[in-house]
Every structure is written in structure tokens, then in C-alpha cells.
Amino acid sequence: MTYAGRVATGTFIVLVATVVGVLGAVGYSVRRDLERDTRASLERKAALVAMALPRDSLAWQRTAEAVASRTGIRITVVDGTGRVRAESEATAADLARIENHLNRPEIVAALGGQPSEDRRPSASMGVPSMYVAVPGGPGAIRVAMSLEGVDRSVRTAQRPILIAGLIALLLGLPLAYLAARRVVRPLTEIATAARRIASGESPEFPYAGIPDIDRLTADLHAMHDQLAGRFENLRRKQSETAAIVDSMVEGVLSSDAKGRIITANPAARRLLGFRDTEPMPDLPLIFRTKDARDLIDRVLEGTAIADREITWGERTYLMNARPLPTGGAVVVLHDLTHLKRLETVRRDFVANVSHELKTPLTAISGYAETLLADDTDPETARRFLDTILSNARRMQRLVDDQLDLSRIESGAWTPANEQVAIEPTAADAWAVAASASSNRPSFSVDLADDCQFVPGDPDAVRQIFRNLLENAIRYTPTGGSVTVRAARDGAGIRISVADTGSGIASDHVPRIFERFYRVDASRARAQGGTGLGLAIVKHLVENQGGRIWAESALGRGTTVHIWWPSRSPHETGAAQPHVT
């Protein structure tokens, strides 16, 4: 079929579909509006009948017949059991033979207290009718009216549209055919020009006198002029894509169908241990482990690989690989080594917390079971209860310390910016720490004249001193000494907490600020430590711009040094001295 014939056929189909669609839409809209108005009118009339119905049930039939003769609608009075008590299209003698109406949907809804309607053919006349029932009278008042008038109105509204559609068909088909013939000639010439552009020849562009086709011709001419620029843009985008791939932290490799490496970004070379200028072997030979080689073989055979972990020496990578449509594959490597280490830290943390909680929980449970099972004397019971209370407080300290540490690490804690007096803060912390310990070492404070205050958060400084002094008292026996010193150190102040206690072996010193790390675990637990105090101190100091480290030797005591900046990193103006 020619283009003109196709246009004419398409026009015919479109016109017919349009006329049918408009007829349907108009019919639906008119019918919907008329039926809505009819229902509203019937509801009003049913409500009026319910109001006009006399108290005497013997007069209901006469009332229904009288109202029906004046309004032209059918009226039915139904009681709560579904029995018809009056019917405008029946006589009083026929009422007993009318079937029960409890199976009518509109009656059921009206007896339930809600107006309702239903559309169905009338049983007596066989024509589509609308039934509307409202609560009233002995149960429900139903009115009905034939929908034949609605059908006539719909057909009347559709008739002009049908006539206009037929006229449009008679006039539109010849015009569409002639217009198509006129369009075909310049389109054929445009197609010839496009083929000449594709072959690299100089094209000739027609003039059709039709605005749309002339715009198409102008666009084709502009396209011909812009092809060189488009190719340049394509090369530029390829360069940008290569730059993006090169800047990715994930390693990206691509190969041809034979496995020869086409692309390897710097991250891939770094992860796999190849220098920038070093030639790389074929993709199946790069990986030395069997599981990785099997994955590469599968992707080169056409199978996509998603989220598979492989091991390369001491490192772990997540591999994703997909075959290319033209053969070969693209492989993306993500280094999971750091995440694996974090996962190990998390598991260790959970194990440590569980272990720390197990000891006091076991003690509490054991002593409580003993108290319940045995008839213990008051002195023993009190001793058991003291042990239970001590272990409960130990668990509370562990939970409190963990909450403090989590709050600091998450960034939810913002230190205040005040000048904190060192000597009274340390003295208050010593009083709290010493009151909870049976050890009684001596305590002294030795501060340089220009090191009486430090800028920072008062509560944080107090907690730092309390945790350090608790540790010092825990490992310093009665007769020993604990000293707090402060001296100028460069652009800051060095605060030292020194004790003459048992000391720490040199190989343990670098790890004492880790969570739950204990030099002597059994002794630390026996003395009630949570294993989090020094970790909290480290984070509190570092969050205020300071540094912390320790010096110790077995049998020679321990000294914890804090370097504190003379000016808080959060300070925006001069702060007044703060004495705690």
C-alpha cells in the first residue's frame, strides 16, 4: 500500500474511533447525570411519601395509589420483616400474594437505616427501572421509575454527533489522500538527502512549501553541519568517562572476548599490585586463587557474578562482574579489608560486653538462688545482698560508661567552652574516687603558676580526672602516692597523673586506652573496673583538641600524660575562669 493509501486508511480509522469514542463518552456522561438526578428526585419523593404516610395501616394502600397516580412513580411500603404492606401497582387483595422483599438489595440497606438504590429490569413490565428505598413508615418506603426516558435522552444527545461523524468521514478521506500525496514527494527527497549524508556525500535539500516538512529539512541540514561537532563531543565524553573510571576507588577491569585487558584503572592496578606502566596479563591469569579464577572463567562464558568475596593475600575483595554484549567482561573490585576489620572489632566488642556482664550476672544469680533456697542467717544474708548490690552497681557502671562512650564517638556530645580550674576539679574527683576504694594512697597536686586553668568542658574535665584517679587508686596500695602535675608544654599544658603502684609491662602500655583491654583481667574485675574508663578519657581528651599517652614500667608505677591546648578549638571569645 502506498503512503497516501496508508494515510487515508489511518485517517478513516482515526475518525471512526473518534466518533465511536465521543458517542460513548457523551452517552456515558448524559446517562450518569440523568441517573444521578433521577435518584436524587426519587429519594426526595420517597422521603415525602414516608412523611405523608398516615398512622392507620389500612390507609397505606390508598395513599400509595393516590400519590402514584399524581407523580407517575411506583410506590411500595415494606415493613421490617420484608412483607409488602402497600403497592401502588397492586390491589389490596393482591398484597398477600406479593413475595417477601427481604432479598431486594435496596430494601435490605433501607431497613439497615441507609438510603439505597438498585437498577434492574422490572418484574412486571420487563423494562430497566431504578428502585430507591429510604427508611420510613413501618420499615422502608421504596419508589421506582422506568429508565426508558433516560435511554431516549441519551440517544437524542448522540444523534447529532453521529451525523457530524459521517460528514467528517465523507469529507476527510479525499482531503487526507490529497494531502498525503503532496507530502510524499518532499519526504522522498529528504530520504535521498539523508542517504547521501550517511555515505559522506554532499546532499541536496528540497523545499516543500509545507512548514513542518521545511522545518524537518532545516533540521536535517543543521544535523549535517553538526555531525563533526557531535563526533568531537563523543570523543570528549569518552575521555570524561575514562577520567571517572580512573578516579574510582573501586578497581575496574575490562577485557575482550579472549580475556585480554582493555581497561585497568589505577585503583585496580593498586589493588592487584601492578605498577602504572607495567603490562598486565590476560584476565584469567591475573588472579592466582582458584575461586577467583573460576569466577573469571564463568563471566567470560557469559554468566554475571554479583557480590562474591575473594581473598588476595591478606586482603578481601568484593567482586562484581558482567559479560559484555560483544564478548569479554567488566570486573569491579571493592576492597572489603577495612570493613572486615571493623566487623571483627564489632564481634570482639559484643563478646567483651557479654563477658563483662556474665561475671556480675552469675554472681547475682548465684547469691539470689542461695538466698531463696536456703534459710540463711541475717549476717550471711546481708553479706550476700551486699555482693548482689555490688555486682548490680558494677553492671550499671558498665552500661553508663558504654553509653557515655557511644555518645562521644557518635558526635552527639558537644563540649562546652569554659576555663576550668585544675586543682579543685582534681580534688573533687579524688574525693569521689577515694571514697569507693579500700586503698588509701596519699594525694597531692603540683601546678605551675601559669597552669591553673585549662579551656574545656567542666564535666568532661571532671570525668577525665575521676577515671584516671580511680585507675591510679585501684593499682596503688595504701602507703603509695598519687600526684597530679601541670606544666607549660609548647602551645599547651601537659597534665600528668602519676602513681607509685604496680606499673604496666611495656608491651601492654600502647593498648591500655582500648575498650575492655586489661593487663591483668582477673585482678581488674575483682576490683570492679569496667574496662572502659581509659577509652572514655581518650575520646574526651581528643574531642577537645588534646592528646593522651602513658608511661609505665612494672613495679615503678604509671604516669598518664595529657597535652591540652591552651585555647579550646571551639573557643570563639575570651572565657571567664570556671572553678568547679
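What counts and what doesn't
Residues numbered from 1 in each chain as written. Predicted model: local features only at pLDDT ≥ 70, side-chain atom pairs only at ≥ 80, totals over all residues. Heavy atoms only, no water. Core = buried A, V, L, I, M, F, W, Y, C linked by side-chain atoms within 4.5 Å. Buried < 20%, exposed > 50% of the residue type's maximum accessible area, 1.4 Å probe, protein only. Helix = DSSP H or I, 4+ residues; strand = E, 2+ residues; numbered from the N terminus. Contact = heavy atoms within 4.5 Å. Pairing = 2+ DSSP bridges. Axes fitted to C-alpha atoms, helices over the stretch in contact; angles between N-to-C directions. Phe/Tyr/Trp six-rings, centres within 6.5 Å; stacked < 30°, edge-to-face > 60°. Lys NZ or Arg CZ within 6 Å of the ring centre and 35° of its normal. pLDDT = per-residue confidence, 0-100. Parallel < 35°, antiparallel > 145°, perpendicular 65-115°, else oblique. Left-handed = near helix turned anticlockwise from the far one by under 90°. Nonpolar A, V, L, I, M, F, W, Y, C, P; charged D, E, K, R; others polar.

> Describe the nonpolar core, with residues and values.
Counting residues in each nonpolar core, the largest one holds 39 residues, and the members touching the most others are Val454, Ile464, Phe465, Leu468, Leu469, Ile495 and Ile562. Residue contributions to this core peak at eight residues, all from helix 12 (residues 458–474). Setting aside its immediate chain neighbours within four residues, isoleucine 464 contacts Val537, Leu540, Val541, Ile562 and Trp564. Core analysis: the second largest hydrophobic core is formed by 22 residues, Ala268, Leu271, Ala292 and Met319 among them.

> Kindly report on the sheet that holds strand 12 (residues 442–447), identifying the contributing residues and their values.
Pairing in this open sheet of five strands is mixed, and the strands run 12-14-15-17-16 from one edge to the other. Every interior strand has two partners, whereas the edge strands, strand 12 and strand 16 (547–552), have only one. Averaged over neighbouring strand pairs, the angle between their axes works out to 15° when direction is ignored. Bridging between strand 16 and strand 17 (residues 558–565) involves six bridges; their strand directions are antiparallel. Within strand 17, the residue paired with isoleucine 548 across the bridge is isoleucine 562. Helix 12 contacts strand 12, strand 14 (481–489), strand 15 (492–499) and strand 17 of the sheet and is inclined by roughly 170° relative to strand 17.

> Can you tell me about the packing of aromatic side chains, naming the residues and giving the values?
Tallying each qualifying case throughout the model produces one aromatic pair. Considering the side-chain rings of tryptophan 430 and phenylalanine 443, the 4.5 Å spacing of their centres and the 10° angle between planes classify their relative orientation as stacked. Within this pair, whereas tryptophan 430 is found in helix 11 (residues 422–435), its partner phenylalanine 443 is found in strand 12, the two being separated by 13 residues in sequence. Tryptophan 430 gets classed as buried once you look at its relative accessible area, which sits at 13%. The ring of tyrosine 131 is capped by arginine 120, whose NZ or CZ atom sits 4.1 Å from the centre of that ring. For the cation-ring pair, arginine 547 lies above tryptophan 563, with the distance from its terminal atom to the ring centre recorded as 4.6 Å.

> An account of the confidence of the model for the protein chain is requested, with residue identities and associated values reported.
Considering every residue of the protein chain, the mean pLDDT works out to 80; 86% of them sit at 70 or more. Predicted confidence for residues 570–580 stays below pLDDT 50, and this span has 30 contacts to residues more than four positions away or in other chains.

> Describe the packing of helix 11 against helix 12, with residues and values.
Orientation of helix 11 relative to helix 12, taken along the N-to-C sense of each, is 50°, at an axis distance of 8 Å. Classified by the angle their axes make, helix 11 and helix 12 are oblique. Every pair of crossing elements has a handedness; the one defined by helix 11 and helix 12 is right-handed. On helix 12, the residues that touch Ile422, Thr425, Ala426, Ala429, Trp430, Val432, Ala433 and Ala434 of helix 11 are Val461, Arg462, Phe465, Arg466, Leu469, Glu470 and Ile473. Looking at the contact of helix 11 with helix 12, its residues break down into eleven nonpolar, one polar and three charged.

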